[in-house]
Amino acid sequence: MAVPIAVLDCDLLLYGRGHRTLDRFKLEDVTDEYLVSTYGFPRQFIYYLVDLLGATLSRPTQRSRAISPETQILAALGFYTSGSFQTRMGDAIGISQASMSRCVANVTEALVERASQFIHFPEDEATVQSLKDDFYGLAGMPGVLGVVDCTHVAIKAPNAEDLSYVNRKGLHSLNCLMVCDARGVLLSAETHWPGSLPDCTVLEQAALTSQFETELRKDGWLLGDSSFLLRTWLMTPLHIPETPAEYRYNMAHSATHNIIERTFRTIRSRFRCLDGSKGTLQYSPEKSSHIILACCVLHNISLEHGLDVWSSPATGHMEQPEEEYEQMESVDSEACRIRQELLLTHFS
């Protein structure tokens, strides 16, 4: 059960009750253009977040004034979308930099608590079929339930001795495994894996694998790139296509799988705290993982509100470590049979 959180304004503690900075910022006093340029989202979206998270972020108090849910959410959105705790942003909403940091922590935890509400695979038959139809409409690849890939997000070094977060580029990062649909809506997001783990190992240990193998899904599959092994529920490209059908399969696979790469770029563009432009996330791996997941939740909520996933321009981001693929033949004979049947039925 979520525990309501109240955040005290550090300015109030420092300067006393005569220093009135609290809640001087009012949403109704500024334009949507200002809100989007400063906090990344329009007014109605922010109001929705206040309704969604307000009970968690506030509670009555008689001893001192607490920062309102509205102000806490603005502080968090300002950090997520800019990547920094700038003094001018704190001044704009009337709180100190220290209070901004506390607000980000509390909003992040409130969003993480609701991750399963907004990030999940569809369950009803009609929605699953619609999911497949959307993917099929992209490049003619049938039976696709989602596209999966990993992306790295840079974090500060946990400590000098811990090398588990050092990726192939020699940078500390989290390796995040995600699945999205044809619109870029995230269906799964595991953001806690150490950067030293290759994509195939992350998938091997992920809850996603347990979910698909336990449920024994026979109604479709995910699409993954060559960093993953072929499975009955995960179709990968052919390493060396030879026939016209194999070339057509690989082309359809690539065009469909590209959606996850576009989604990664859009998330980094919208949430600049993840793109490395303002430096690495200056938090522990656990807190950094929660910030990434909170941004994923906001990404999905923004799509529910009609904020198009492809509307944001691409920006520079952390260079992704190149995987050294071991191009191995799958030992799963059933998976090979399924892919061959797919080739013969749809691409011959």
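Residues numbered from 1 in each chain as written. Predicted model: local features only at pLDDT ≥ 70, side-chain atom pairs only at ≥ 80, totals over all residues. Heavy atoms only, no water.

As recorded in an unreviewed UniProt entry, the protein goes by Putative nuclease HARBI1 and comes from Neopipo cinnamomea. The Function (unreviewed entry) comment attached to the protein in UniProt states, word for word, "Transposase-derived protein that may have nuclease activity. Does not have transposase activity." Note on the protein: under the UniProt heading Sequence similarities (unreviewed entry), the record states "Belongs to the HARBI1 family." (UniProt positions renumbered as here; feature names shortened; annotations may be inferred.)

Peer 1: Hey, could you go over a negative patch on the surface for me, with residue numbers and the actual values?
Peer 2: Together, E123, D124, E125 and D219 make up a negatively charged patch on the protein surface. With respect to the helices and strands, the residue D124 is situated in the loop between α7 (115-118) and α8 (125-139). Judged by its relative accessible area of 40%, D124 is partly exposed. (Patch = residues over 30% accessible without salt bridge, like charges linked within 9 Å, V, L, I, M, F, W, Y side chains within 5 Å. Areas by Shrake-Rupley, 256 points an atom, 1.4 Å probe, with all protein chains shown as cover. Salt bridge = Lys/Arg side-chain N within 4 Å of Asp/Glu carboxyl O. Lys, Arg positive; Asp, Glu negative; His and termini not counted. Charge placed at Lys NZ, Arg CZ, Asp CG, Glu CD. Helix = DSSP H or I, 4+ residues; strand = E, 2+ residues; numbered from the N terminus. Buried < 20%, exposed > 50% of the residue type's maximum accessible area, 1.4 Å probe, protein only.)

Peer 1: An account of the packing of helix α3 (residues 43-57) against helix α6 (residues 97-113) is requested, with residue identities and associated values reported.
Peer 2: Packing of α3 against α6 leaves a shortest axis separation of 10 Å and a crossing angle of 115 degrees. As summarised for this structure, α3 and α6 are arranged roughly perpendicular, according to the angle between their axes. The handedness of the crossing between α3 and α6 comes out as right-handed. From α3, L53, T56 and L57 reach across to α6, where they touch N106, V107, A110, L111 and E113. Class assignment for the residues of the contact of α3 with α6 results in five nonpolar, two polar and one charged. (Axes fitted to C-alpha atoms, helices over the stretch in contact; angles between N-to-C directions. Parallel < 35°, antiparallel > 145°, perpendicular 65-115°, else oblique. Left-handed = near helix turned anticlockwise from the far one by under 90°. Contact = heavy atoms within 4.5 Å. Nonpolar A, V, L, I, M, F, W, Y, C, P; charged D, E, K, R; others polar.)

Peer 1: Describe the state of the cysteines, with residues and values.
Peer 2: Per the stated rule, a full pass over the model turns up zero disulfides. Cysteine C176 remains unbridged, with the sulfur of C296 as its closest cysteine sulfur at 7.2 Å. (Disulfide = S-S within 2.5 Å.)

Peer 1: I'd like a description of the side chain of E190, backed by residues and values.
Peer 2: Topologically, E190 is positioned in strand β3 (residues 186-194). With no salt bridge to any partner, buried E190 finds its closest opposite charge in R231, at an N-O distance of 12 Å.

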